[in-house]
Amino acid sequence: MEIRLLNESHADEYWNLRLEMLKQSPSSFGSSYEEAFERPNPIEMTEKRLSSEDSFTFGCFVEGRLSGAATMVREAALKMNHKASIYAMYVTPTQRGKGLARRLLEAAINLAKETEGIEQLMITVVTTNEKAKGLYHSCGFKPYGTEKRALKYNEEYYDEELMVLFL
């Protein structure tokens, strides 16, 4: 298992993982598979995201295959630049339970700690995702609120727990 920062050369692999995450876990992400699948030039757009200065996507490779990812995005606005958020946290089903998610999250936390000016890290999780909530709690994230009906998919609502880790 190897954790490393992804760059534009990983765009194809990451895009395929992104489609998988949206299809496998539709209630866990704000984007939908249908929307993602219909995007024009998705690889080009993914290349730009993976080469952004304020967005960092970590990939977990198992036997050379991208098997998980997590993205940390720093807020750009002057008054919010002390914060960063974790998005698109995912591990492919065949690799779950092996510590990949923890390693990805720890890589993002360590980068946030090393980045000058970042004081807090934010993450959200669907309230019914007990495994993810347990991981985030064990890494030091504390809940500070719940957004009711944060997501709506197939006529079903999902609440999200808002969490913060003060660095």
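The structure displayed is predicted, hence computed values, not measured ones.

(A) Fine view of the nonpolar core. In terms of nonpolar packing, the biggest core is built from 28 residues, with Met72, Leu105, Leu121, Tyr136 and Phe141 touching the most fellow members. The set of elements that each furnish at least two residues to this core consists of strand S2 (55–62), strand S3 (65–74), strand S4 (83–91), helix H4 (100–114), strand S5 (120–126), helix H5 (130–138) and strand S7 (156–166). Per element, the largest residue contribution to this core is eight residues, and it comes from H4. Among residues more than four places away in sequence, those in contact with phenylalanine 141 are Leu105, Ile109, Leu121, Met122, Ile123, Tyr136, Met163, Val164 and Leu165. Counting residues in hydrophobic clusters, the runner-up holds 16 residues, among them Leu22, Phe29, Phe61 and Leu66.

(B) Broad picture of unusual backbone geometry. In this structure, alanine 88 is a non-glycine residue whose phi angle is positive, near 50°. Within the secondary structure, alanine 88 is located in strand S4. The class for alanine 88 is buried, based on a relative accessible area of 14%. You will see that glutamate 155, though not glycine, has its phi angle at about 65°, which is positive. Its relative accessible area of 66% is what places glutamate 155 among the exposed residues.

(C) The arrangement of the side chain of glutamate 160 in detail. The residue glutamate 160 is located in strand S7 in this model. We note that glutamate 160 is buried and unpaired, the nearest opposite charge coming from arginine 18 at a distance of 11 Å. With residues near it in sequence (within four places) discarded, glutamate 160 still touches Thr124, Val125, Val126, Thr127, Gly145, Thr146, Glu147, Ala150 and Leu151.

(D) Local environment of the packing of aromatic side chains. With the rule as written, the count across this model stands at two aromatic pairs. A cation over an aromatic ring shows up here: arginine 18 above the ring of phenylalanine 29, its NZ or CZ 5.8 Å from the ring centre.

(E) Geometry of the layout of surface pockets. Its volume calculated, the largest pocket comes out at about 1200 Å³. As for the largest pocket, its lining consists of 46 residues, of which Phe29, Ala88, Met89, Tyr90 and Tyr136 are closest to the centre. Counting residues per element, the lining of the largest pocket draws most heavily on S4, at seven residues.

(F) Spotlight on the environment of valine 62. By secondary structure assignment, the location of valine 62 is in strand S2. Between the C-alpha atoms of valine 62 and glutamate 2, which are 60 residues apart in sequence, the distance is 6.7 Å.

Rules used in this analysis
- Residues numbered from 1 in each chain as written.
- Predicted model: local features only at pLDDT ≥ 70, side-chain atom pairs only at ≥ 80, totals over all residues.
- Heavy atoms only, no water.
- Core = buried A, V, L, I, M, F, W, Y, C linked by side-chain atoms within 4.5 Å.
- Buried < 20%, exposed > 50% of the residue type's maximum accessible area, 1.4 Å probe, protein only.
- Helix = DSSP H or I, 4+ residues; strand = E, 2+ residues; numbered from the N terminus.
- Contact = heavy atoms within 4.5 Å.
- Lys, Arg positive; Asp, Glu negative; His and termini not counted.
- Salt bridge = Lys/Arg side-chain N within 4 Å of Asp/Glu carboxyl O.
- Phe/Tyr/Trp six-rings, centres within 6.5 Å; stacked < 30°, edge-to-face > 60°.
- Lys NZ or Arg CZ within 6 Å of the ring centre and 35° of its normal.
- 1 Å grid on protein atoms, 1.4 Å probe; cavity = no way out; pocket = protein on both sides within 12 Å on 5 of 7 lines; lining within 4 Å.
- Points joined across faces, edges and corners; volume = space filled by probe spheres on them.

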